[in-house]
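One letter stands for each residue in the lines below.
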Amino acid sequence: MELTVLPLTDPKPRVTDESQLAFGRLFSDRMLILEFDRAKGGWHEARIQPYQPFVLDPAAMVLHYAQEIFEGLKAFRRPDGSIALFRPKDNVVRFNRSAHRMCMPEVDVDFFLDAIKELIRLEADWVPNSRGTSLYIRPTMIATEPMLGVRPSDQYLCYVILSPVAAYYKGGLAPVKIWISDHYVRAANGGTGEVKTGGNYAASLYAAREAAEKGYDQVLWLDAKNKQQVEEVGSMNICFIYDGKLVTSPLHGTILDGITRRSILTLAKEAGLEIEERALSVDEIFEGVESGRLTEAFGTGTAVVVSPVGEFTYRDRTVVLGDGKTTGEITRKLYDTLTGIQYGEVPDNHDWIVTI
Ligand SMILES: *Cc1c(COP(=O)(O)O)cnc(C)c1O
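About the cut-offs
Residues numbered from 1 in each chain as written. Predicted model: local features only at pLDDT ≥ 70, side-chain atom pairs only at ≥ 80, totals over all residues. Heavy atoms only, no water. Axes fitted to C-alpha atoms, helices over the stretch in contact; angles between N-to-C directions. Helix = DSSP H or I, 4+ residues; strand = E, 2+ residues; numbered from the N terminus. Parallel < 35°, antiparallel > 145°, perpendicular 65-115°, else oblique. Left-handed = near helix turned anticlockwise from the far one by under 90°. Contact = heavy atoms within 4.5 Å. Nonpolar A, V, L, I, M, F, W, Y, C, P; charged D, E, K, R; others polar. Near = heavy atom within 4 Å. Polar contact = N/O pair within 3.5 Å; in protein donor to acceptor, adjacent residues only side chain to side chain. Areas by Shrake-Rupley, 256 points an atom, 1.4 Å probe, with all protein chains shown as cover. Salt bridge = Lys/Arg side-chain N within 4 Å of Asp/Glu carboxyl O. Core = buried A, V, L, I, M, F, W, Y, C linked by side-chain atoms within 4.5 Å. Buried < 20%, exposed > 50% of the residue type's maximum accessible area, 1.4 Å probe, protein only. Domains from an automatic or database assignment. Buried area = accessible area lost by both parts, 1.4 Å probe. Expected span 1.5 Å × (residues − 1). Pairing = 2+ DSSP bridges. Right-handed = clockwise from strand over helix to strand, strands pointing away. Phe/Tyr/Trp six-rings, centres within 6.5 Å; stacked < 30°, edge-to-face > 60°.

*Asks:* Quick one: what's the story with the packing of helix α5 (residues 259-270) against helix α7 (residues 329-342), residue by residue and with numbers?
*Replies:* Running from amino to carboxyl end, α5 crosses α7 at an angle of 115°, the nearest separation of the two axes being 10 Å. Comparing the axis directions of α5 and α7 gives the class roughly perpendicular. Where α5 crosses over α7, the two elements pack in a sense that is right-handed. Packed against α5, whose contacting residues are Thr260, Ser263, Ile264, Leu267 and Ala268, the element α7 presents Leu334, Thr337, Leu338 and Ile341 at the interface. In terms of residue class, the contact of α5 with α7 is made up of six nonpolar, three polar and no charged.

*Asks:* Tell me about the site of the ligand, residues and numbers included.
*Replies:* What surrounds the ligand is a group of 15 residues, the closest being Lys196, Tyr201, Glu232, Thr260 and Thr302. With respect to the ligand, the side chain of Lys196 contributes an N or O atom lying 2.6 Å from an oxygen atom. For the ligand, an oxygen atom lies 2.5 Å from a polar atom in the side chain of Tyr201. A total of 380 Å² of accessible area belongs to the ligand in isolation, and the protein chains cover 97% of it. Broken down by class, the residue content of the shell around the ligand amounts to four nonpolar, seven polar and four charged.

*Asks:* Got a sec to walk through the pattern of salt bridges? Specific residues and values, please.
*Replies:* The tally for this structure, following the rule as stated, stands at 25 salt bridges. Across the pair Glu118 and Arg121 runs a salt bridge whose closest N-O atoms are separated by 2.8 Å. Taken together, the residues Glu118 and Arg121, both in helix α3 (residues 109-122) and three residues apart, mark about one turn of the helix. Its salt-bridge partner being Glu277, residue Arg261 comes within 2.7 Å of it at the nearest N-O pair.

*Asks:* Before we move on, can you summarise the nonpolar core with the specific residues and values?
*Replies:* Ranked by size, the top nonpolar core spans 50 residues in total, and within it Ile180, Leu220, Phe240, Leu246, Ile285 and Phe312 carry the most contacts. Domain assignment of the residues forming this core places at least three in each of domain 1 (3-165) and domain 2 (176-342). Filtering out sequence-adjacent residues up to four positions away, Phe312 remains in contact with Ile178, Ile180, Leu220, Ile238, Phe240, Ile285, Phe286, Ala297, Arg317, Thr318, Val319 and Leu321. Membership of the second largest hydrophobic core comes to 43 residues, among which are Ile33, Ile83, Met104 and Cys158.

*Asks:* Before we move on, can you summarise the domain arrangement of the protein chain with the specific residues and values?
*Replies:* Domain parsing of the protein chain yields domain 1 (3-165) and domain 2 (176-342). Computed over C-alpha atoms only, the centres of domain 1 and domain 2 are separated by 28 Å. Listed as interface residues are 23 residues of domain 1 and, on the opposing side, 21 residues of domain 2. Summing both partners gives a buried area of about 1,800 Å² for domain 1 against domain 2, and 54% of it is carried by carbon and sulfur. In terms of surface lost to domain 2, no three residues of domain 1 exceed Phe70, Phe86 and Arg94, which account for 31% of the buried area on that side. Its salt-bridge partner being Asp90, residue Arg262 comes within 2.6 Å of it at the nearest N-O pair. For the interface between domain 1 and domain 2, the tally reads 14 residue pairs in polar contact (both at pLDDT 80 or more). Counting only elements with at least two residues in the side of domain 1 that touches domain 2, the list comes to β4 (68-70), β5 (73-77), β6 (83-86) and α2 (88-101). No other element matches the six residues that α2 contributes to the side of domain 1 that touches domain 2.

*Asks:* Describe α7, and please don't skip the residues or the numbers.
*Replies:* With 14 residues, α7 should cover 20 Å at 1.5 Å per step; its first-to-last C-alpha distance of 20 Å lies within 8% of that length. Listed in full, the buried residues belonging to α7 are Thr331, Leu334, Tyr335, Leu338, Thr339, Gly340, Ile341 and Gln342. In the segment just after α7, Gly344 is the residue with positive phi, at about 80°.

*Asks:* I'd like a rundown of the pairing of strand β9 (residues 176-180), residues and numbers included.
*Replies:* Consecutive side chains of a regular strand alternate in pointing toward one face of the sheet and then the other. Across the five residues of β9, four count as buried, placing the element largely inside the fold. In this sheet, strand β16 (residues 305-314) lies alongside β9 in parallel orientation, the contact comprising five bridges. By the bridge assignment, Ile180 is partnered in β16 with Tyr314. Direction of pairing for β9 relative to strand β10 (residues 218-222): parallel, over a ladder of three bridges. Bridge pairing links Trp179 to Val219 in β10. Chirality of the crossover, the property in question, places the unit of β9, helix α4 (residues 198-213) and β10 among those that are right-handed.

*Asks:* Could you give an account of unusual backbone geometry, with specific residues and numbers?
*Replies:* Residue Cys103 is not a glycine yet carries a positive backbone phi of 60°. Mapping Cys103 onto the fold places it in the loop between α2 and α3. Phi at Val305 is positive, roughly 70°, even though this residue is not glycine. The topology assignment puts Val305 in strand β16. We classify Val305 as buried; its relative accessible area is 8%.

*Asks:* Mind laying out the packing of aromatic side chains, listing which residues take part and the relevant values?
*Replies:* Per the stated rule, a full pass over the model turns up eleven aromatic pairs. Here Phe27 and Tyr51 contribute two aromatic rings whose centre-to-centre distance is 5.4 Å and whose plane-to-plane angle is 10°, an arrangement assigned as stacked. With Phe27 in the loop between β1 (3-5) and β2 (30-37) and Tyr51 in the loop between β3 (42-50) and α1 (62-65), this residue pair connects regions lying 24 residues apart in the sequence. Note on Tyr51: relative accessible area 30%, which makes it partly exposed. Taking 4.8 Å as the distance between ring centres and 70° as the angle between the ring planes, the aromatic pair formed by Phe54 and Tyr159 counts as edge-to-face. Residue Phe54 is located in the loop between β3 and α1, and its partner Tyr159 is located in strand β8 (residues 155-165); the two are separated by 105 residues in the primary sequence. A residue is classified by how much of its surface remains accessible, and Phe54, at 31% relative accessible area, is partly exposed. Assessed through its relative accessible area of 14%, Tyr159 is described here as buried. A connected cluster of aromatic rings, assembled from ring pairs, spans Phe36, Trp43 and Tyr156.

Given below as structure tokens:
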């Protein structure tokens, strides 16, 4: 398949004040699009074109049955002016795993990666310069066949859009307050918990709104069966420092296999921490904090990198980690190392960085 680059006629004004960037509101000039039609032999019409709205049939299957997947990764500006992607192949491989589970067509990993790199090369001046900022990359696939029957679509649009984003923490790492849901669940065994699909998010909004109304930043989800074991937090995996070890939920199908989680586990091991992939229980969180065995907790995800937890609430019980406002030492060290690798200040010994 050829990648066609269409001319750009009407570039948008560039961001001059990077401190004004928000998350995911502003998009660059161009987008990558691939079309799929089973009747036309599969993928065809790969192109980079000006960013613009789609025309979708109101019967397009994604609008009715949510056959949709997405990814999230970032491009970073390095001190020498080059642009770095962080483990982009992992995202494309995960995109294909999601596609498989949602009965959607897989993309050719190398073609898609090269096309994303070409898009970023063309949009290079949309990668912001200040430390902590980045260009957020959002690959997406939607089912477009106009048909109301319930079956996998025969037509798809796969596209990639780019959004320059601010540093997540403007005033340094800030611990969040977490509400542990004893009623709502995110994913059950055999469901789509390990898939990056919009439906998981739609189903999570109600609990997130309830938590926000109570003054919490995020919802921590428990296992659907017993509502005892920790799964993950909002759109992040979660790690605990428990008895001096890093404890995080295993990948057993209901949580997302986070690339940040993977990277943090590698860095923690190299820093001499023992890793335990097991699900902590709610009781262990409360008893652990109260007895001093649980000293730190943090979420991991591409958007935040690392998000320290200041307190947990379950029903009418709250525990505060430390003073609830200070980021733990291990959390900070892992955050500094990972962001240091991304911004080119710490050597990349794992071939995680792909420069453009
Ligand atoms: C994307 C996502 C994560 C984090 O994955 P990263 O690859 O680290 O960004 C965690 N949980 C859920 C539910 C997600 O959608």
